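So you can see what is in the structure, the chains are spelled out below.
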Amino acid sequence: MLQELFSPSVQHVLDLVGIFVFAISGALLAVRKNFDVFGIAVLAEATALGGGLFRDLVIGAVPPAAFTDLGYFSTPLLAALLVFFLHPHVERIQVGVNVFDAAGLGLFCVAGTTKAYEYGLGLPQSAVLGLVTAVGGGVVRDVLANEVPSLLRWDRDLYAVPAMVGATMVVLCIRYDALSPFTSGLAVVTAFVLRLLAMRYHWRAPRAWNRRSTVTEEETPQIP
Amino acid sequence: MLQELFSPSVQHVLDLVGIFVFAISGALLAVRKNFDVFGIAVLAEATALGGGLFRDLVIGAVPPAAFTDLGYFSTPLLAALLVFFLHPHVERIQVGVNVFDAAGLGLFCVAGTTKAYEYGLGLPQSAVLGLVTAVGGGVVRDVLANEVPSLLRWDRDLYAVPAMVGATMVVLCIRYDALSPFTSGLAVVTAFVLRLLAMRYHWRAPRAWNRRSTVTEEETPQIP
Amino acid sequence: MLQELFSPSVQHVLDLVGIFVFAISGALLAVRKNFDVFGIAVLAEATALGGGLFRDLVIGAVPPAAFTDLGYFSTPLLAALLVFFLHPHVERIQVGVNVFDAAGLGLFCVAGTTKAYEYGLGLPQSAVLGLVTAVGGGVVRDVLANEVPSLLRWDRDLYAVPAMVGATMVVLCIRYDALSPFTSGLAVVTAFVLRLLAMRYHWRAPRAWNRRSTVTEEETPQIP
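Residues numbered from 1 in each chain as written. Chains lettered and ligands numbered in written order. Predicted model: local features only at pLDDT ≥ 70, side-chain atom pairs only at ≥ 80, totals over all residues. Heavy atoms only, no water.

Peer 1: Any chance you could explain the overall build of chain A here in plain terms?
Peer 2: When its secondary structure is counted, chain A shows eight helices and zero strands. Sequence-ordered secondary structure for chain A, helices as α and strands as β, is α-α-α-α-α-α-α-α. The burial tally for chain A puts 54% of its 224 residues in the buried class. The long-range fraction of contacts in chain A, counting pairs at least 24 apart against all pairs at least 6 apart in sequence, stands at 75%. By element, 67% of the accessible surface of chain A is carried by carbon and sulfur atoms, the whole surface being about 9,400 Å². (Helix = DSSP H or I, 4+ residues; strand = E, 2+ residues; numbered from the N terminus. Buried < 20%, exposed > 50% of the residue type's maximum accessible area, 1.4 Å probe, protein only. Contact = heavy atoms within 4.5 Å. Areas by Shrake-Rupley, 256 points an atom, 1.4 Å probe, with all protein chains shown as cover.)

Peer 1: When you look at the relation of the copies chain A and chain B in this model, what are you seeing that I'm missing?
Peer 2: Two copies of one chain are present, and they are related through a rotation about an axis combined with an axial shift. Superposition of chain A onto chain B requires a rotation of 120 degrees combined with a translation of 0.0 Å along the rotation axis, giving an RMSD of 0.0 Å. One copy is carried onto the other by what is essentially a three-fold rotation axis. The rotation axis passes nearest to the C-alpha of N146 of chain A in chain A, at a distance of 3.9 Å. When you check the interface residues of chain A against chain B, a mere 10% turn up at the interface there too, and the two sides of the contact use different surfaces. (Least-squares fit on C-alpha atoms with pLDDT ≥ 70 in both.)

Peer 1: Can you help me understand helix α7 (residues 181-200) of chain B in this one?
Peer 2: Turn by turn, an α-helix covers 3.6 residues, leaving residues three or four places apart pointing in a common direction. Residue and element names in this part refer to chain B. Taking 1.5 Å as the rise per residue, α7 with 20 residues should run 28 Å; its terminal C-alpha atoms sit 28 Å apart, in good agreement. Among all positions of α7, only T183, S184, A187, V188, A191, R195, A198 and M199 are buried. Relative to the axis of α7, the buried residues are bounded by an arc of 160 degrees and lie together on one face. Away from its buried face by more than 90 degrees, α7 exposes F182 and R200. In this structure, the buried residues of α7 make contact with α4 (94-118) and α6 (160-175). (Expected span 1.5 Å × (residues − 1). Arc of directions from axis to C-beta.)

Peer 1: What is the right way to look at the UniProt feature "transmembrane region" (unreviewed entry) in chain A in this model?
Peer 2: Residues and elements named next belong to chain A. The feature "transmembrane region" (unreviewed entry), as given by UniProt, occupies residues 12-31, 38-58, 70-87, 99-117 and 184-203 in the numbering adopted here. Between the end C-alpha atoms of residues 12-31 the distance is 28 Å, and the span holds 100% helix and 0% strand. Between the first and last C-alpha atoms of residues 38-58 the distance is 28 Å; the span itself is 100% helix and 0% strand. (UniProt positions renumbered as here; feature names shortened; annotations may be inferred.)

Peer 1: Help me understand the UniProt feature "domain: Glycine transporter" (unreviewed entry) in chain A, please; the structure alone is not making it clear to me.
Peer 2: Residues and elements named next belong to chain A. The sites that carry the UniProt feature "domain: Glycine transporter" (unreviewed entry) are, in the present numbering, residues 13-87 and 99-173. Secondary structure content for residues 13-87 is 81% helix and 0% strand, while the C-alpha to C-alpha distance between its ends is 24 Å. Taken end to end, residues 99-173 is 75% helix and 0% strand, and its first and last C-alpha atoms sit 26 Å apart.

Peer 1: Mind showing me how you'd approach the interface of chain A and chain B here?
Peer 2: Many analyses report the size of an interface as the accessible area lost when the parts associate. Counting from both sides, the interface comprises 31 residues of chain A and, opposite them, 31 residues of chain B. For the pairing of chain A and chain B, the buried interface totals around 2,700 Å² over both sides, and the portion due to carbon and sulfur atoms is 69%. Where chain A meets chain B, there are zero salt bridges. Inspection of the region where chain A meets chain B yields four residue pairs in polar contact (both at pLDDT 80 or more). Looking at the side of chain A that touches chain B, the elements that each hand over two or more residues are α1 (8-32), α2 (37-59), α3 (70-92) and α5 (123-144) of chain A. Here the residues of the side of chain A that touches chain B sort into 22 nonpolar, five polar and four charged. (Buried area = accessible area lost by both parts, 1.4 Å probe. Salt bridge = Lys/Arg side-chain N within 4 Å of Asp/Glu carboxyl O. Polar contact = N/O pair within 3.5 Å; in protein donor to acceptor, adjacent residues only side chain to side chain. Nonpolar A, V, L, I, M, F, W, Y, C, P; charged D, E, K, R; others polar.)

Peer 1: What's the story with the pattern of salt bridges in this structure? I'm lost.
Peer 2: Should their charged atoms come close, side chains of opposite charge can pair. Tallied over the entire structure, the rule returns 21 salt bridges over all chains. Taking the shortest distance from any N to any O, the salt bridge between D155 of chain B and R153 of chain B comes out at 3.1 Å. In this structure D155 of chain B comes out as partly exposed when scored by relative accessible area, which is 25%. Linked by salt bridges that have partners in common, R55, D56 and K115 of chain A make up one network.

Peer 1: When you look at the interface of chain C and chain A in this model, what are you seeing that I'm missing?
Peer 2: Residue-level contacts link 31 residues of chain C with 30 residues of chain A. Between chain C and chain A, a total of about 2,700 Å² is buried, with carbon and sulfur atoms accounting for 69% of that surface. By the criterion of area lost to chain A, the three top residues of chain C are N34, F38 and F67 of chain C, representing 26% of everything that side buries. Our count for the chain C to chain A interface comes out at zero salt bridges. Joining chain C to chain A, the criterion identifies four residue pairs in polar contact (both at pLDDT 80 or more). Elements supplying a minimum of two residues to the side of chain C that touches chain A: α1 (8-32), α2 (37-59), α3 (70-92) and α5 (123-144) of chain C.

Peer 1: Is there a simple way to think about the environment of I40 of chain C in this case?
Peer 2: With respect to the secondary-structure elements, I40 of chain C resides in helix α2. Residues I40 of chain C and G26 of chain C lie 14 residues apart in sequence; the distance between their C-alpha atoms is 7.5 Å. Look past the residues within four positions of I40 of chain C in its chain and what remains in contact with it is A208 of chain A together with A27, A30, V31, F35, A80 and F84 of chain C.

Peer 1: Got a minute to help me understand unusual backbone geometry in this structure?
Peer 2: Across the chain, the bulk of peptide bonds are trans and the bulk of non-glycine residues have phi less than zero. Residues and elements named next belong to chain B. In this chain, V62 is followed by P63 through a cis amide linkage whose omega measures -10 degrees. Following the sequence through the fold, P63 ends up in the loop between α2 (37-59) and α3 (70-92). Positive phi, close to 55 degrees, is recorded for D177, a residue that is not glycine. Mapped onto the elements, D177 comes out in the loop between α6 and α7.

Peer 1: Sorry if this is basic, but what is going on with the packing of aromatic side chains here?
Peer 2: Here a ring pair, both rings aromatic, is described through the centre-centre distance and the interplanar angle of the planes. Tallied over the entire structure, the rule returns six aromatic pairs over all chains. Over the ring of Y176 of chain A we find R175 of chain A; its NZ or CZ atom is 5.1 Å from the centre of that ring. (Phe/Tyr/Trp six-rings, centres within 6.5 Å; stacked < 30°, edge-to-face > 60°. Lys NZ or Arg CZ within 6 Å of the ring centre and 35° of its normal.)

Peer 1: I would appreciate a short explanation of the side chain of R153 of chain C in the present structure.
Peer 2: All names here are of chain C. Position of R153 relative to the elements: it lies in the loop between α5 and α6 (160-175). Of the residues examined, R153 reaches a relative accessible area of 17% and is grouped as buried. Only 3.1 Å separates the side chain of R153 from the side chain of D155, close enough to count as a polar contact.

Peer 1: In this structure, what is going on with the environment of K115 of chain B? I would like to understand it.
Peer 2: All names here are of chain B. Residue placement: K115 occurs in helix α4. Between the C-alpha atoms of K115 and T133, which are 18 residues apart in sequence, the distance is 10 Å. Other than its neighbours up to four places away in sequence, K115 contacts R55, D56, I59, A61 and A65.

Peer 1: How should the confidence of the model for chain A be read in this particular structure?
Peer 2: Detailed conclusions should not be drawn from predicted coordinates in areas where pLDDT is low. Residues and elements named next belong to chain A. On average, residues of chain A score 85 in pLDDT, and 88% of them reach the 70 mark or higher. Contacts from residues 212-224, a stretch scored under 50 in pLDDT, to residues over four places away or in other chains number 10 contacts. Quick note on the complex model: pTM equals 0.88, ipTM equals 0.85. (pLDDT = per-residue confidence, 0-100.)

Peer 1: What should I look at first to understand the packing of α2 of chain A against helix α4 (residues 94-118) of chain A in this one?
Peer 2: Two measures define how a pair of helices packs: the angle their axes make with one another and the distance between the axes. Residues and elements named next belong to chain A. Running from N to C, α2 and α4 point in directions that differ by 15 degrees, and their axes come no closer than 11 Å. Accordingly, the angle class assigned to the pair α2 and α4 is roughly parallel. α2 and α4 meet at a crossing whose hand is right-handed. When α2 is examined against α4, the residues A48, R55, D56 and I59 are found in contact with a partner set consisting of F108, A111, G112, K115 and A116. Class assignment of the residues belonging to the contact of α2 with α4 gives a composition of five nonpolar, one polar and three charged. (Axes fitted to C-alpha atoms, helices over the stretch in contact; angles between N-to-C directions. Parallel < 35°, antiparallel > 145°, perpendicular 65-115°, else oblique. Left-handed = near helix turned anticlockwise from the far one by under 90°.)

Quick look at the structure:
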């Protein structure tokens, strides 16, 4: 297979950091939706582990890491507890949360792509699955909270594109035999920085072509 | 592996009872949402089999029991038919349905935990998967019906905790080599009674800590 | 196993046609929901591949075809691009889209049933999984778009029944050893024509029995 990109313990710590920040975003949404403490924990778990769980089911890595590594399962609970007791403070540092979430996005798209390739998927498919790993948890979070996934909404800053770029960098490195801790780290950082820039400058993706200059838009302002 | 907890036929009948009562709850929600007869059948199936299906995919038990045992598939259809023709009567006996649903919760959390352990998961993970088996169908039901899962809502009586207690009792019994039909039955009954008490005395879980005495709550009464 | 029903390339082209038309329906809903270009692509992919992905996970065909055959993945992107640039024209030919969607329904219910049987499921279960393959993508589409799945709504023309008939014809043919390209094609055409008739004459399924003549209906007109 591939050589280990990072030493196992470094990789594991990075995974846990990604899981933790995604869990924070899930727990915060749960507080905003007025869920109880169990709802907060469930949404934290689903947000943090949903993307990886889907990836593991698709590549046949059962039982998924979420159900074999106890650290993967406990970390979101810790995040849920923090939010439960400290949520006004956590909300106040929303900027910090967004930065961490961007880091999680970078880490997950790279780790997801690498794992998919190790399990025998082709290069383009590995990149797609890496993207799904990175953004899937957020979609599960929004579906459970009965909201339109923010991934799909036009009025949100770019989220999928940074993960796409990171995943693409990984498969290009694999293709040209240049995957190393350094190039992997570069892919993580690229996705991370792109997401930060997207938030800073409110980069958005276009909506359907002819929609932009028609009356349809004004006629349906109630659509969330 | 484990000795059979109950004779296979008893276990099977208990499974079918759990499936039946969960299916009733799905079919009743479908009627309330004004779905047609197929919508009622689909929601009955998804509610009854969703939790077990997720568990089987996670532990690699494919094809899942829901697609190998014809009784598992037919029972929700029977429940859907009953609700379709008799739903005012079924609604009138809502108390009875709630009692059966509590029984299903107890049965599923114990059966789910046991099956997960038999497939090689660790003890804590088995308990988590048992909990997911018990509550998962209800979440699928609410997501399909486009509602906020009642599992997550603070204004619902405790639902997850009784299942957690039942699942924990099972893994403790396994840990101390005390799993028997008697102790398994005790876990089922404990979860069942706890859920009944939660409904009787409207036990609820707290929402996020600082939320309870701030104005935030009054400012957002429109959140469902 | 079964003899190949069609020559592989014909089967593959039919699959891609079904995927394409399902993707169109997903992309059009995304435009109506005001999603951005990535939301359009995601909804096209999920609609086109969701049913088959679920089937493959259930029968243990991992990695699923959606992640091994690049054509399966690229086709929805093509559909998303078309809708993105041409959507008023695509909407104008909504009738054409509905006809293609009916063709996709017929193709998928037959292909899904056949593949499930090849992987060892029993005959009734194969038919159920064929049905799920055909209608599953649409359910995923509606859940992601935060709408009540149109499959479940009483005010939509029959959608599940044509697929049920097609899947049932396939398992009857298998049972009586009469499965051939001709009988398979007949099942596809039957499901296709039934769906066209259901749309033409607005065939609908009944809602719960006692509901139809009570005041409950008028009391809850706000339910979508």
